[in-house]
Amino acid sequence: MTEVLSAPHSMEFPYTRSTGPMVGAFLTGLRDRRVLGVRDSAGRVVVPPPEYDAGTAAVLPADELIEVASEGVVTSWSWNPKPRLGQPFEQPFAWVLVQLDGADTGLLHALDAPRDAIRTGMRVRIRWAEEPVGFIKDIACFEPAP
Amino acid sequence: MTAEPITGIVTPIRLDYTYTPGTSPSQFLRGMKEGRILGRRCPSCAKVYVPPRGGCPMCGVEFAEEVRVADTGTLVTFAVVNVNFANRVIDLPYVSGEVRFDGSDTTSMVLVQGIPVDQVRMGMRVKAHWLPRDEWDFTFANIDYVEPLDEPDADYESYKEFV
Ligand SMILES: [Zn+2]
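Residues numbered from 1 in each chain as written. Chains lettered and ligands numbered in written order. Predicted model: local features only at pLDDT ≥ 70, side-chain atom pairs only at ≥ 80, totals over all residues. Heavy atoms only, no water.

Trainee: Kindly report on the pattern of salt bridges, identifying the contributing residues and their values.
Mentor: Side chains bearing opposite charge may pair, as long as their charged atoms lie close to each other. Under the criterion given, the structure shown has 18 salt bridges over all chains. A salt bridge links Arg 121 of chain B to Asp 153 of chain B, with the shortest nitrogen-to-oxygen separation between them at 2.7 Å. You can see Arg 121 of chain B sitting in the loop between strand 7 (108-112) and strand 8 (125-130) and its partner Asp 153 of chain B sitting in the loop between strand 9 (143-148) and helix 2 (156-159), a full 32 residues away along the chain. Here Arg 121 of chain B falls in the partly exposed class, since its relative accessible area comes to 35%. By sharing partners, the salt bridges in this structure join Asp 112, Arg 125, Arg 127 and Glu 143 of chain A into a single network. (Salt bridge = Lys/Arg side-chain N within 4 Å of Asp/Glu carboxyl O. Helix = DSSP H or I, 4+ residues; strand = E, 2+ residues; numbered from the N terminus. Buried < 20%, exposed > 50% of the residue type's maximum accessible area, 1.4 Å probe, protein only.)

Trainee: Outline the packing of aromatic side chains, supporting the account with residue identities and numerical values.
Mentor: Taken as a whole, this structure holds seven aromatic pairs over all chains when the rule is applied. Taking 5.4 Å as the distance between ring centres and 35° as the angle between the ring planes, the aromatic pair formed by Tyr 49 of chain B and Phe 63 of chain B counts as tilted. On the criterion of sequence distance, the pair formed by Tyr 49 of chain B in strand 3 (residues 48-49) and Phe 63 of chain B in the loop between strand 3 and strand 4 (66-69) is long-range, its members being 14 residues apart. Of the two residues, Tyr 49 of chain B and Phe 63 of chain B, both sit in the buried class. Among the aromatic residues, those joined into a ring-pair cluster are Phe 89, Phe 93 and Trp 95 of chain A. (Phe/Tyr/Trp six-rings, centres within 6.5 Å; stacked < 30°, edge-to-face > 60°.)

Trainee: Talk me through the coordination of the zinc ion; I want residue IDs and the actual numbers.
Mentor: Residue and element names in this part refer to chain B. Coordination of the zinc ion by the protein comes from Cys 42 (SG), Cys 45 (SG), Cys 56 (SG) and Cys 59 (SG), over a distance range of 2.3 Å. Note that the zinc ion binds four donor atoms; their angles at the metal cover 106 to 114°, and the shape is tetrahedral. Along the chain, the residues that donate to the zinc ion are spaced as C-x2-C-x10-C-x2-C. With Cys 45 in the loop between strand 2 (37-41) and strand 3 and Cys 59 in the loop between strand 3 and strand 4, the pair connects residues that are 14 residues apart, well separated along the chain. Cys 45 gets classed as partly exposed once you look at its relative accessible area, which sits at 31%. (Donors = N, O, S within 2.8 Å, 3.2 Å for Na, K, Ca; no water. Tetrahedral: all angles 85-135°; square planar, octahedral: opposite > 155°, others 65-115°.)

Trainee: Would you mind going over the sheet that holds strand 4 of chain B in detail, with residue names and values included?
Mentor: Whenever strands of a sheet pair, they do so through backbone hydrogen bonds, lying parallel or antiparallel. Residue and element names in this part refer to chain B. Read from one edge of the open sheet, three strands run 3-2-4, paired in antiparallel fashion. Of all strands in the sheet, those with a lone pairing partner are strand 3 and strand 4, marking the two edges. Across four bridges, strand 2 lies against strand 4 in antiparallel orientation. Its bridge partner lying in strand 4, Ile 37 is registered against Val 69. Against the sheet, helix 1 (residues 23-33) engages strand 2 and strand 4, with an angle of about 150° to strand 2. (Pairing = 2+ DSSP bridges. Contact = heavy atoms within 4.5 Å. Axes fitted to C-alpha atoms, helices over the stretch in contact; angles between N-to-C directions.)

Trainee: Describe the layout of surface pockets, with residues and values.
Mentor: In this structure, the largest pocket encloses a volume near 830 Å³. Lining the largest pocket are 26 residues, with Gly 86, Gln 87, Phe 135 and Lys 137 of chain A together with Pro 12 of chain B sitting closest to its centre. Secondary-structure elements contributing two or more residues to the lining of the largest pocket are strand 1 (7-18), helix 1 (20-31) and strand 7 (107-111) of chain A together with strand 1 (8-19) of chain B. Examining the composition of the lining of the largest pocket, we find that eight residues originate from one element, strand 1 of chain B, more than from any other. Considering only residue class, the lining of the largest pocket consists of 16 nonpolar, four polar and six charged. Its volume calculated, the second largest pocket comes out at about 460 Å³. (1 Å grid on protein atoms, 1.4 Å probe; cavity = no way out; pocket = protein on both sides within 12 Å on 5 of 7 lines; lining within 4 Å. Points joined across faces, edges and corners; volume = space filled by probe spheres on them. Nonpolar A, V, L, I, M, F, W, Y, C, P; charged D, E, K, R; others polar.)

Trainee: Please provide a residue-by-residue account of the confidence of the model for chain B, values included.
Mentor: Scored by pLDDT, chain B has a mean of 93; 97% of the residues are at 70 or more. With pTM at 0.68, the complex prediction returns an ipTM value of 0.81. (pLDDT = per-residue confidence, 0-100.)

Trainee: I'd love a proper account of the interface of chain A and chain B, names of residues and values included.
Mentor: On the side of chain B, 29 residues touch chain A, which itself brings 29 residues to the contact. Across the chain A/chain B interface, buried area totals approximately 2500 Å², and carbon plus sulfur atoms make up 59% of it. Inspection of the region where chain A meets chain B yields one salt bridge. Linking Arg 14 of chain B and Glu 12 of chain A is a salt bridge whose minimum nitrogen-to-oxygen distance equals 3.8 Å. Along the contact surface separating chain A from chain B lie twelve residue pairs in polar contact (both at pLDDT 80 or more). The set of elements that each furnish at least two residues to the side of chain A that touches chain B consists of strand 1 and helix 1 of chain A. The greatest single-element share of the side of chain A that touches chain B, amounting to twelve residues, is contributed by strand 1 of chain A. A breakdown of the residues in the side of chain A that touches chain B according to their chemical character gives 13 nonpolar, eleven polar and five charged. (Buried area = accessible area lost by both parts, 1.4 Å probe. Polar contact = N/O pair within 3.5 Å; in protein donor to acceptor, adjacent residues only side chain to side chain.)

Structure (structure tokens):
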């Protein structure tokens, strides 16, 4: 019987996605190191801004975006013990939901802090990428606010 | 800083597999490593499958006999490619063909080179052009492409079941 071979095999699809007006505006804001949200029908500032209202399905105004702060509070977090290729860190890290000051919802991103130091309610701020290009990774990660 | 608003992003989706080809294809890939095209014959219908599977999909019986097939064959059908895709850098236009290697009862997709695109035809006799021996690995890609043989075209009747 022949011994069975085995080899690593990678498959990658380089999708190009059109952003639409709302996500496009949000990413354009990140390129300028500004975080933008939109006010929904219930009066909440939603970040990142959705194209349609979650309650009424009405189209939300992509030309009336609201800038929020680059600092906020951790509303929830989850430890990622085994990061995968392409994730923000190679070493274990926390995914966090951050409610930026001026926003009413949480933005999902990574937090660069030791596990022991992380708690719901902690103040964090954005660490910007060196060269923003208009992508979610323009936010390199969050870090504890001083 | 660019002033143009963002309208599109590239978001690669990637899957990392550990590929295990199974016993029969493993045998085939070991053959490729040594510059041989191996198939297996069905004991019931006598058809030779390249690369071999564990059994015959038509008869449902296990394959037994290993068969070495030739690296010459017949181009049974082909497509002219005018658009390259990611990570493939071949001068356009090029021909992607299905070749029935002599002694085999299946066809394999291979690149056709060594002839102007508009002169490629069904029934054309071809020969495998192998990569240099020291580059051979456990892969069908050891056959870089096929090129025309100086032989008369095969009769349509001889390959029509593969078209
Ligand atoms: Zn059979």
